[in-house]
Amino acid sequence: MDAVLNIAMIQSDLVWENPEQNRLNFSEKINAISDTVDLIVLPEMFTSGFTMFPQFVAEAMDGKTIQWMQSLAKAKNAAIVGSLVIKEHDNYYNRLVFVHPNGLIDTYNKRHTFTLAGEDKVYKKGNQKLIINYKGFKIRPLICYDLRFPVWSRISEDYDVLLYVANWPKKRIKAWDTLLQARAIENMCYCIGVNRVGLDANNFEYPGHSAVYDALGEKLVDVNPNTEAVKLVALTKFHVDATRKKLRFLDDKDGFILE
């Protein structure tokens, strides 16, 4: 039987540096999902917006937001993923957290911190890749600015889905649209991008443009720009396997060592 992954993408505005209110807002959106879903995707820094003041919003891995994610994942029998500010060993991280329905957690620290905003000055970057085995799919999660760096996402290890969570601004949204499609095509995989909407405290505007592309770069679904919405999409393992088997482009990819 072909594996199917039912995904709910939540494109939302964020309340600036207010984890409690953001949890309440997302609880309302998640609890309103009546369809059966396997994975719920939230944006980057979904508890705070893209803040460069982590001391105001940072949490521990046993903090309120992680417990909230575990509780909702159990209640909805679905994994939940998004990034938030985590403090660990006196360092701050922009950390993606993937919570399984059974409460187990996978994490990924953002590799490419956004130097234009000074993220590299306040957040410690990660250097470890993550591939999550879930519901018959191998998922490679990444965060926002990582999208600009194809070597980091290149399929040197096998996976079926690239997943990006983001706070990607309106000024450069063309790059977001183009690169999501490119990552799908070059890696012959599904590529999911979930971006926020609204205006942040720095007066940066975010237009959403959340979308899913298939292994040939065809857009399967997108979310209306500048609107809060929950969008559902079903992915099939057969599509990735059959496309790769028929075309075999990945057999000709270049090998490399990432330093």
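Computed from a prediction, not measured in an experiment: that's the story for all the values here.

### What to know about the environment of Ser210
So, point 1. Turning to its location among the elements, Ser210 is positioned in the loop between β11 (205-207) and β12 (211-213).
So, point 2. For the pair formed by Ser210 and Asp222, sequence separation is twelve residues and the distance between their alpha carbons is 5.7 Å.
So, point 3. In contact with Ser210, not counting residues within four places along its chain, are Gln11, Trp176, Gly193, Val194, Asn195, Val221, Asp222 and Val223.
So, point 4. Separated by 2.8 Å, the side chains of Ser210 and Gln11 make a polar contact.

### Considering the nonpolar core
So, point 1. In terms of nonpolar packing, the biggest core is built from 50 residues, with Ile7, Leu39, Phe98, Ile139, Ile192 and Leu235 touching the most fellow members.
So, point 2. Setting aside residues up to four positions removed in sequence, Leu235 forms contacts with Ala3, Val4, Leu5, Ile7, Phe137, Val161, Tyr190, Ile192, Val212 and Leu220.
So, point 3. By size, the runner-up hydrophobic cluster in this structure holds 21 residues, among which are Leu14, Ile66, Val97 and Val99.

### Focus on the packing of aromatic side chains
So, point 1. Inspection of the entire model under this criterion finds eight aromatic pairs.
So, point 2. With a centroid separation of 6.0 Å and 35 degrees between ring planes, the pair formed by Phe46 and Trp68 is classed as tilted. With Phe46 in the loop between β2 (39-41) and α2 (64-76) and Trp68 in helix α2, this pair connects stretches of sequence that are 22 residues apart.
So, point 3. Geometrically, the ring pair formed by Phe53 and Phe56 is stacked, given 5.8 Å between the ring centres and 20 degrees between the ring planes.
So, point 4. Aromatic rings pair up to connect Phe50, Phe114, Tyr145 and Phe149 into one cluster.
So, point 5. Sitting above the plane of the Tyr93 ring, Arg95 keeps its charged end 5.0 Å from the centroid.

### Concerning the environment of Asp106
So, point 1. Examined against the element boundaries, Asp106 turns out to sit in strand β5 (residues 105-109).
So, point 2. With a relative accessible area of 24%, Asp106 lands in the partly exposed category.
So, point 3. For the pair Asp106 and Ala242, spaced 136 residues apart in the sequence, the C-alpha separation amounts to 28 Å.
So, point 4. Here Asp106 is in contact with Leu96, Val97, Phe98, His100, Leu130 and Ile132, once residues within four sequence places are set aside.
So, point 5. Of the polar contacts made by the side chain of Asp106, one reaches the side chain of His100; its length is 2.7 Å.

### As for the sheet that holds β12
So, point 1. Judged by pairing direction, the sheet is mixed, and its six strands sit side by side in the order β6-β7-β8-β9-β12-β13 without closing on themselves. Of all strands in the sheet, those bounded by a partner on one side alone are β6 (132-134) and β13 (219-222). The sheet shows a mean angle of 20 degrees between the axes of neighbouring strands, taken without regard to direction.
So, point 2. With three bridges connecting them, β6 and strand β7 (residues 137-143) associate as antiparallel partners. Within β7, the residue paired with Ile132 across the bridge is Ile139.
So, point 3. Here helix α5 (residues 173-187) sits on the sheet in contact with β8 (161-166), β9 (190-195) and β12, set at roughly 160 degrees to β9.

### With respect to the environment of Ala32
So, point 1. Relative to the helices and strands, Ala32 is located in the loop between α1 (19-31) and β2.
So, point 2. In this structure Ala32 comes out as exposed when scored by relative accessible area, which is 58%.
So, point 3. Considering only alpha carbons, one finds Ala32 and Val230, 198 residues apart in sequence, at a separation of 9.4 Å.

### Notes on the pattern of salt bridges
So, point 1. Enumeration according to the criterion identifies 17 salt bridges in this entry.
So, point 2. For the salt bridge of Arg196 with Asp13, the shortest nitrogen-to-oxygen distance reads 2.7 Å. Residue Arg196 is found in the loop between β9 and β10 (197-199), and its partner Asp13 is found in the loop between β1 (4-11) and α1; the two are separated by 183 residues along the sequence.
So, point 3. Asp13 sits in the partly exposed class, given a relative accessible area of 31%.
So, point 4. In this structure, Glu228 and Lys29 form a salt bridge, with 3.6 Å as the shortest nitrogen-oxygen distance. Taken together, the residues span a long stretch of sequence, with Glu228 in the loop between β13 and β14 (229-236) and Lys29 in helix α1 at a distance of 199 residues.
So, point 5. Residue Glu228 is classed as partly exposed on the basis of its relative accessible area of 45%.
So, point 6. Each of Glu44, Lys110 and Glu119 takes part in a single network of salt bridges with overlapping partners.

Scoring rules and cut-offs
Residues numbered from 1 in each chain as written. Predicted model: local features only at pLDDT ≥ 70, side-chain atom pairs only at ≥ 80, totals over all residues. Heavy atoms only, no water. Helix = DSSP H or I, 4+ residues; strand = E, 2+ residues; numbered from the N terminus. Contact = heavy atoms within 4.5 Å. Polar contact = N/O pair within 3.5 Å; in protein donor to acceptor, adjacent residues only side chain to side chain. Core = buried A, V, L, I, M, F, W, Y, C linked by side-chain atoms within 4.5 Å. Buried < 20%, exposed > 50% of the residue type's maximum accessible area, 1.4 Å probe, protein only. Phe/Tyr/Trp six-rings, centres within 6.5 Å; stacked < 30°, edge-to-face > 60°. Lys NZ or Arg CZ within 6 Å of the ring centre and 35° of its normal. Pairing = 2+ DSSP bridges. Axes fitted to C-alpha atoms, helices over the stretch in contact; angles between N-to-C directions. Salt bridge = Lys/Arg side-chain N within 4 Å of Asp/Glu carboxyl O.

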